[in-house]
Amino acid sequence: MPIAPLMLDLKGTQLQAEERELLKHPYCGGVIFFSRNYEDVGQLEQLVRDIRAATDKPLLIGVDHEGGRVQRFREGFTRLPALGTLYANSESEEQALKAAHNHAWLMAAELRAIDIDFSFAPVLDLDYGVSQVIGDRSFHADAKIVSLMAEAYIAGMHEAGMAATGKHFPGHGAVVADSHLEIPVDDRALEAIGPMDMMPFADLMSKGLDAVMPAHVIYPSVDSQPAGFSNVWLQDILRKQLGFEGVIFSDDLNMEGASFAGNYAERAQAALGAGCDMILLCNNREGVIQVLDQAKIDLNVESCVASMQRLERMQGKAYMNRSALLDTQRWSEINSEISAFV
């Protein structure tokens, strides 16, 4: 059954009556979790069950659970190190690649064990040492190393039944500004971005990358629109030039980097019109309601039908439950190995 194009957030640790109604709306296709939605494992399992039971249509449940600074669930889950520590703190490339695979498997297995479909991972940005919002969320500064590490990471996610989302296309690491707070501008030419920042995305499209999240960054030498609202970036370059056939998620439409596109209904329409398959709108309930009430989204047009069908690939595959997972020797060994990087 096709999955609708809006992913929204919840206010707390329990599903509210208003939220049950929002989940039933024809435009709603998913939920993204934040730390405020987590109290303990038992509570989170119940919240997931309540979300699934709120409607008879399929809903994607996602979370940002990369490790390091960006890990929404802490107590009761393995404390994951930032991706940037894996290569930096390994004694060999072989050890680093094994750590990337195991980090991803551990992250994905713990989430799939409680029926969360995916984490928005891995970060494919390069660490140029200038972006505080990226920093050690990146595997490395070298595009070739990022590609190798991310390939191993994606394989680990897939092994645990989870689809992978590379972010933030075509690269967020070279700008100082944080797109949560500003509209960053990267003045480099495409000839500079392509062989560097775009390399991991291009490399991984034939190696299991299921989805891409574009950056709320303007690259004026290529287009005047931020990448997530740009037909040039999403259609001409990502789809046609690079041949990507997977899912395109917008970054959060509540971020300042999306503000140029107008009100929330207009932002939703612009992102979907540029080629995003699913739009995220977080931490703004009034904005969500505006999109549901005012956005002109025709779910029956060919492009939207194709998007909804692509989104089905992001559903998590069956995996063992939490108690079975924690009883395995593999979980115990990898937990110890990965925890040593923290």
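The structure we're discussing is the one just above.
Residues numbered from 1 in each chain as written. Predicted model: local features only at pLDDT ≥ 70, side-chain atom pairs only at ≥ 80, totals over all residues. Heavy atoms only, no water.

A. Up close: the overall build of the protein chain. When its secondary structure is counted, the protein chain shows 13 helices and 10 strands. Over its C-alpha trace the protein chain gives a radius of gyration of 19 Å, about what one expects of a compact globule, namely 20 Å for 342 residues. Overall size of the protein chain, expressed as C-alpha extent along the three principal axes, is 50 × 50 × 30 Å. Counting every position in the protein chain, which comprises 342 residues, the buried fraction comes to 58%. Counting only contacts in the protein chain whose residues sit at least 6 apart along the sequence, the fraction spanning at least 24 positions is 77%. Accessible area for the protein chain stands at about 13,200 Å²; split by element, carbon and sulfur atoms hold 48% of it. (Helix = DSSP H or I, 4+ residues; strand = E, 2+ residues; numbered from the N terminus. Rg over C-alpha atoms; globule rule 2.2 N^0.38 Å. Buried < 20%, exposed > 50% of the residue type's maximum accessible area, 1.4 Å probe, protein only. Contact = heavy atoms within 4.5 Å. Areas by Shrake-Rupley, 256 points an atom, 1.4 Å probe, with all protein chains shown as cover.)

B. Spotlight on the packing of aromatic side chains. Enumeration over the complete set of coordinates arrives at 11 aromatic pairs. Between F118 and F249, the aromatic rings sit 5.5 Å apart at their centres with planes inclined by 40 degrees, giving tilted as the arrangement. Residue F118 is located in strand β6 (residues 118–119), and its partner F249 is located in strand β9 (residues 247–252); the two are separated by 131 residues in the primary sequence. One exposure class covers both F118 and F249, and it is buried. Here the aromatic rings of Y219 and W233 are separated by 5.2 Å at their centres, their planes lie at 65 degrees, and the arrangement is edge-to-face. Taken together, the positions of Y219 in the loop between β8 (211–214) and α8 (231–241) and W233 in helix α8 put the pair 14 residues apart, joining distant regions of the chain. The class of W233 is buried, set by a relative accessible area of 0%. Members of the aromatic cluster, connected to one another through ring pairs, are F33, Y38, F73 and F77. Its guanidinium or amino end placed over the ring of W105, R330 lies 4.3 Å from that ring's centre, counting from NZ or CZ. (Phe/Tyr/Trp six-rings, centres within 6.5 Å; stacked < 30°, edge-to-face > 60°. Lys NZ or Arg CZ within 6 Å of the ring centre and 35° of its normal.)

C. The side chain of S147, seen in detail. Mapped onto the secondary structure, S147 falls in helix α5 (residues 143–159). Residues within four places of S147 in sequence aside, it is in contact with M199, P200, D203 and L204.

D. Seen up close, helix α9 (residues 264–274). Listing the buried residues of α9 in full gives Y264, A265, R267, A268, A271 and A274. Contacts from the buried residues of α9 go to α8, β9, β10 (278–281) and α10 (285–294). Measuring from the side-chain oxygen of the N-cap residue of α9 to the backbone nitrogen of A265 gives 3.2 Å; that N-cap residue is N263. Once α9 finishes, G275 follows within two positions and takes phi at roughly 130 degrees, a positive value. (Polar contact = N/O pair within 3.5 Å; in protein donor to acceptor, adjacent residues only side chain to side chain.)

E. Quick look at the side chain of T165. Relative to the helices and strands, T165 resides in strand β7 (residues 165–169). On the basis of relative accessibility, which here comes to 0%, the residue T165 falls in the buried class. Discounting chain neighbours no more than four positions away, the residues touching T165 are F120, A121, P122, L209, A211, V212, M213, F249 and M314.

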